[in-house]
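Working through the structure, step by step
Single-letter residue listing:
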Amino acid sequence: MLRQVARRLMSNMPENTVYGGPKPQSPSRRVTLTHLRQKHRRGEPITVVTAYDYPSAVHIDSAGIDVCLVGDSAAMVVHGHDTTLPISIDQMLVHCRAVARGASRPLLVGDLPFGSYESSSSQAVDTAVRFLKEGGMDAIKLEGGAPSRITAAKAIVEAGIAVMGHVGLTPQAISVLGGFRPQGKTVTSAVKVVETALALQEAGCFSVVLECVPAPVAAAATSALQIPTIGIGAGQFCSGQVLVYHDLLGMLQHPHHAKVTPKFCKQFGHVGDAINKALSEYKQEVENRSFPGAAHTPYRISANDVDGFLNELQKMGLNEAATAAAAAAENVETAGRPSEDTC
Amino acid sequence: MSNMLENTVYGGPKPQSPSQRVTVNHLRQKHRRGDPITMVTAYDYPSAVHIDFAGIDVCLVGDSAAMVVHGHDTTLPISVAAAPSPVAPPARSSSATFLSAPTSPFPPRLMAGLAVDIAVRFLKEGGMDAIKLEGGAPSRITAAKAIVEAGIAVMGHVGLTPQAISVIGGFRPQGKTVASAVKVVETALALQEAGCFSVVLECVPAPVAAATTSALRIPTIGIGAGPFCSGQVLVYHDLLGMLQHPHHAKVTPKFCKQFGHVGDAIKKALSEYKQEVESRSFPGAAYTPYKISATDVDGFLKELQVMGLNEAATTAAAAAEKVETAGTPSEDAC
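The model shown is predicted, which means the values in this text are computed figures rather than measured ones.

What counts and how
- Residues numbered from 1 in each chain as written.
- Chains lettered and ligands numbered in written order.
- Predicted model: local features only at pLDDT ≥ 70, side-chain atom pairs only at ≥ 80, totals over all residues.
- Heavy atoms only, no water.
- Helix = DSSP H or I, 4+ residues; strand = E, 2+ residues; numbered from the N terminus.
- Buried < 20%, exposed > 50% of the residue type's maximum accessible area, 1.4 Å probe, protein only.
- Contact = heavy atoms within 4.5 Å.
- Areas by Shrake-Rupley, 256 points an atom, 1.4 Å probe, with all protein chains shown as cover.
- Pairing = 2+ DSSP bridges.
- Axes fitted to C-alpha atoms, helices over the stretch in contact; angles between N-to-C directions.
- Expected span 1.5 Å × (residues − 1).
- Parallel < 35°, antiparallel > 145°, perpendicular 65-115°, else oblique.
- Left-handed = near helix turned anticlockwise from the far one by under 90°.
- Nonpolar A, V, L, I, M, F, W, Y, C, P; charged D, E, K, R; others polar.
- Phe/Tyr/Trp six-rings, centres within 6.5 Å; stacked < 30°, edge-to-face > 60°.
- Salt bridge = Lys/Arg side-chain N within 4 Å of Asp/Glu carboxyl O.
- Polar contact = N/O pair within 3.5 Å; in protein donor to acceptor, adjacent residues only side chain to side chain.
- Buried area = accessible area lost by both parts, 1.4 Å probe.
- Core = buried A, V, L, I, M, F, W, Y, C linked by side-chain atoms within 4.5 Å.

Below, the discussion takes up the overall build of chain B. In terms of regular secondary structure, chain B is built from 13 helices and eight strands. When the 334 residues of chain B are sorted by exposure, 54% land in the buried category. A separation threshold of at least 6 residues defines the contact pool for chain B, and within that pool the share at least 24 residues apart is 57%. Total accessible area on chain B stands at roughly 14,000 Å², and carbon and sulfur atoms take up 56% of it.

Assigned secondary structure in chain A consists of 14 helices and eight strands. The proportion of buried residues among the 343 residues of chain A is 54%. Taking contacts inside chain A between residues at least 6 apart in sequence as the whole, the part at least 24 apart equals 56%. Total accessible area on chain A stands at roughly 14,700 Å², and carbon and sulfur atoms take up 53% of it.

Residues and elements named next belong to chain A. Reading around the barrel, the eight strands line up as β1-β2-β3-β4-β5-β6-β7-β8 and close back on themselves, with parallel pairing between neighbours. The average angle at which neighbouring strand axes cross in this sheet is 25 degrees, direction not considered. Here strand β1 (residues 46-50) runs beside strand β8 (residues 240-243); their pairing, made up of four bridges, is parallel. Counted as the bridge partner of Val-49 is Leu-243 from β8.

Moving on, we come to helix α5 (residues 89-102) of chain A. All names here are of chain A. A rise of 1.5 Å per residue sets the reference length of α5, with its 14 residues, at 20 Å; its end C-alpha atoms lie 20 Å apart and thus fit the reference within 8%. Turning to α5, its buried residues are Ile-89, Met-92, Leu-93, His-95, Cys-96, Ala-98, Val-99 and Gly-102. Taken together, the buried residues of α5 touch α3 (54-62), β2 (67-70), α4 (74-77), β3 (107-111) and α6 (121-133).

Residues and elements named next belong to chain B. Two elements in contact, helix α12 (residues 294-306) and helix α13 (residues 310-326), have axes separated by 8 Å at closest approach and are oriented at 165 degrees. The angle between α12 and α13 falls in the class roughly antiparallel. Relative to α13, α12 is oriented so that their crossing is left-handed. Judged by residue contacts, Val-297, Phe-300, Leu-301, Leu-304 and Gln-305 of α12 engage Asn-310, Ala-312, Ala-313, Ala-316, Ala-317 and Ala-320 from α13. Within the contact of α12 with α13, the residues separate by chemical class into nine nonpolar, two polar and no charged.

The residue after Phe-291 of chain A, namely Pro-292 of chain A, is reached through a cis peptide bond having omega -5 degrees. Along the chain, Pro-292 of chain A turns up in the loop between α12 (271-287) and α13 (303-315). Put simply, Phe-282 of chain B and Pro-283 of chain B share a cis peptide bond, and its omega is -5 degrees. One non-glycine residue with positive phi stands out, namely Cys-212 of chain A, at about 50 degrees. Looking at the element boundaries, Cys-212 of chain A is found in the loop between β6 (207-211) and α10 (215-224). Take Cys-212 of chain A: its relative accessible area is 0%, and that puts it in the buried class. We note that Cys-203 of chain B has phi near 50 degrees; this positive angle belongs to a residue other than glycine. Here Cys-203 of chain B shows up in the loop between β6 (198-202) and α9 (206-215).

Let's shift gears to the packing of aromatic side chains. Per the counting criterion, the structure on display carries seven aromatic pairs over all chains. Between Phe-268 of chain A and Tyr-273 of chain B, the ring centres sit 5.6 Å apart and the planes meet at 80 degrees, which makes this aromatic pair edge-to-face. Of this pair, Phe-268 of chain A sits in the loop between α11 (245-249) and α12 while Tyr-273 of chain B sits in helix α11 (residues 262-278), placing the two residues on different chains. A relative accessible area of 8% places Phe-268 of chain A in the buried class. According to the relative accessible area criterion, Tyr-273 of chain B is buried, its value standing at 0%. Cluster of aromatic residues (ring-pair linked, three or more members): Phe-268 of chain A together with Tyr-273, Phe-282 and Tyr-287 of chain B.

What follows covers the pattern of salt bridges. Tallied over the full model, the rule gives 21 salt bridges over all chains. Taken together, the shared-partner salt bridges in this structure form one network comprising Lys-39 and Asp-66 of chain A together with Lys-274 and Glu-278 of chain B.

What follows concerns the side chain of Ser-239 of chain A. Residues and elements named next belong to chain A. Turning to its location among the elements, Ser-239 is positioned in the loop between β7 (229-232) and β8. Reaching out from Ser-239, the side chain makes a polar contact with the backbone nitrogen of Thr-229 at a distance of 2.9 Å. Among all residues touching Ser-239, those that are not within four sequence positions of it are His-40, Glu-44, Pro-45, Ile-46, Thr-222, Pro-228 and Thr-229.

If you look at the interface, chain A gives 119 residues, while chain B gives 119 residues. Surface buried jointly by chain A and chain B totals about 10,200 Å² across both partners, of which 69% is contributed by carbon and sulfur atoms. Our count for the contact surface shared by chain A and chain B stands at four salt bridges. Measuring nitrogen to oxygen at the nearest pair gives 3.0 Å for the salt bridge that ties Glu-276 of chain B to Lys-266 of chain A. Summed over the shared surface of chain A and chain B, the number is 27 residue pairs in polar contact (both at pLDDT 80 or more). The biggest single contributor to the side of chain A that touches chain B is α12 of chain A, with 14 residues. Per-class residue counts for the side of chain A that touches chain B are 68 nonpolar, 30 polar and 21 charged.

By size, the foremost hydrophobic cluster in this structure holds 147 residues, and its most contacted members are Ile-156 and Leu-210 of chain A. Aside from chain neighbours lying at most four places away, what touches Ile-156 of chain A is Leu-112, Ala-124, Val-125, Ala-128, Ile-140, Leu-142, Ile-161 and Val-163 of chain A. The next biggest cluster of nonpolar side chains, apart from the first, holds 48 residues, and it includes Val-116, Ile-152, Val-204 and Cys-229 of chain B.

All names here are of chain A. Within the fold, Leu-108 resides in strand β3. When the C-alpha atoms of Leu-108 and Ala-51 are compared, they prove to be 9.7 Å apart, with 57 residues separating the residues in sequence. Discounting residues that sit within four places of it in the chain, Leu-108 has contacts with Arg-30, Cys-68, Val-99, Ala-100, Ala-103, Gly-136, Met-137, Asp-138 and Ala-139.

Right, let's talk about the packing of α12 of chain A against helix α2 (residues 45-53) of chain B for a bit. For any two helices packed against each other, the geometry comes down to the angle between their axes and how far apart the axes lie. Orientation of α12 of chain A relative to α2 of chain B, taken along the N-to-C sense of each, is 45 degrees, at an axis distance of 9 Å. With respect to α2 of chain B, the axis of α12 of chain A lies oblique. Crossing of α12 of chain A over α2 of chain B shows right-handed handedness. In this structure, α12 of chain A uses Gly-272, Ile-275, Asn-276 and Leu-279 of chain A to contact α2 of chain B, whose residues at the interface are His-50, Ile-51 and Phe-53 of chain B.

On to the pairing of β8 of chain A. All names here are of chain A. What you see with β8 is no split at all: Gly-240 and Val-242 on one side and Gln-241 and Leu-243 on the other are buried throughout. With two bridges joining them, β7 and β8 adopt parallel strand pairing. Counterpart to Gly-231 in the pairing with β8 is Gln-241.

Further remarks concern the side chain of Lys-39 of chain A. Within the fold, Lys-39 of chain A resides in helix α2 (residues 33-41). Residue classification places Lys-39 of chain A among the buried residues on the basis of a relative accessible area of 10%. With residues up to four places along the chain from it excluded, the contact list for Lys-39 of chain A reads Glu-44, Pro-45, Ile-46 and Asp-66 of chain A together with Glu-278 of chain B.

Right, dumping it as structure tokens:
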């Protein structure tokens, strides 16, 4: 008794502090920059996949992927545009929130969309803040390496927001690039990739995406940097890889549709084919009336209530409807009874 | 001769292309012939493309998006603003499918004018062909009538109406008592009277759905309502088994048959990707298409050394050699 009293009086014990002390570390904690740094140091490749909604986030979480990138590629793969340019901040935030709801373990990175951060550093910081505050992201990604971008990246880091850079092919700049063209294929361009990556590191970025550059250029950039590089179409010498969800799953690949998977993307599944097959079967089974059968018709009305119902229908003058209901009730009786409860 | 089509100011009507969009007339004809109508929900461009190619009659941009896309527990949180965004993408893809969108949860005191405004947005901004609204209270019937009078086709929805779970007390099947069953039929008739072109029957016993289908001239589209409806609808993710995989507890509704196991396929593909990235087998030569000429590599190495990045130069040289020996896949733009 005395010992208990003594313990209660000792305010430096975690149980006695005002805020209750730190929570115990649970095993399914979120991936952090520290984790990524450790992976990078150990030479273990970092995995990144894009996600745009709750189901994809759940899948990516369950698969143990390190980073979930809410990409502005949503403009193309979710909204069907030809470029990443049309998507707005508000649309991106809707995607971010849905992903945040589904992925509790991967690090969440949100793409700042075209037009939301290029005018000034303060515009960039404001947008980045929204992604964390309203979007539930852990970090943001921005494209490019012009001096104004480096300055913006620095300002965002100083605001306390982790920044992932992006060099090489930067899809938001296709107007200037003249299309989705690989970069770093000449000496000047290759040097620029390395220099820009270094500048972004200097500005405080925690990693840099290298998109569509030749492997030796990616290798050089990866070696020159202390922070990890995440490659896409940049060969195997990067610190990690990223692919677009729909592309790696073959989501839009099926006999009749011409959407092309980028050449650097391996299709690890043929989900589009599976979807097409499933939808065709559904259509077939509905049209030949085999779906829904008894197994998928779970809701019952008791025989007494059926009788009462038939009476009411007749009172309403709906005799045909009463006949139809009676026939259905009999049909359903003979077909057997699956168990039922709420929907 | 100005009465000839070619000579009119506007060039006359376009010739009917074979891949024309499904219309309410097509649905009426199907219904008359006794051919079941197929409907599936879609929420984005890829799902709309898939539904179009499978030849499904109607694409419903469901407020079930709140649950299957956004991960909420009910359909209530989704807003009109969020809705036209997923609504528009299907419109961009579908050439043959009829597009129908549910109007988002109405404010408690529903006014017909407000309902019309929202419905107009779905057609104007969302590219839909029609809208769906839930329920059969007098105010809803009035709203449906006002929307039809505004020139917008309306699909009704009775039985379990997910937006009303607060009043219903959860996702509970309806029409299981005499009074409730009669109400389903009466409400459906009232919606037909108001001008609806079809009515969804959700989670009611088969005999009740059969009676309703028989009593109506317009088609009924069932979900969890048995085989006696004029057509069927299912949620995309449910029918594909999108969230069914060993570790995730999301349960497919009992009335929904899983026509695929896409969730399993996705999980498998993502695990393989992770494995191949971590073992550095992806990307191999086949997926590393972009080249830099030997001359430019030399120039690059020199520049790196000038910059004092000797390690980077060594790494680049090694990479270039490795890539050379691995072979050269063809290349062009990304």
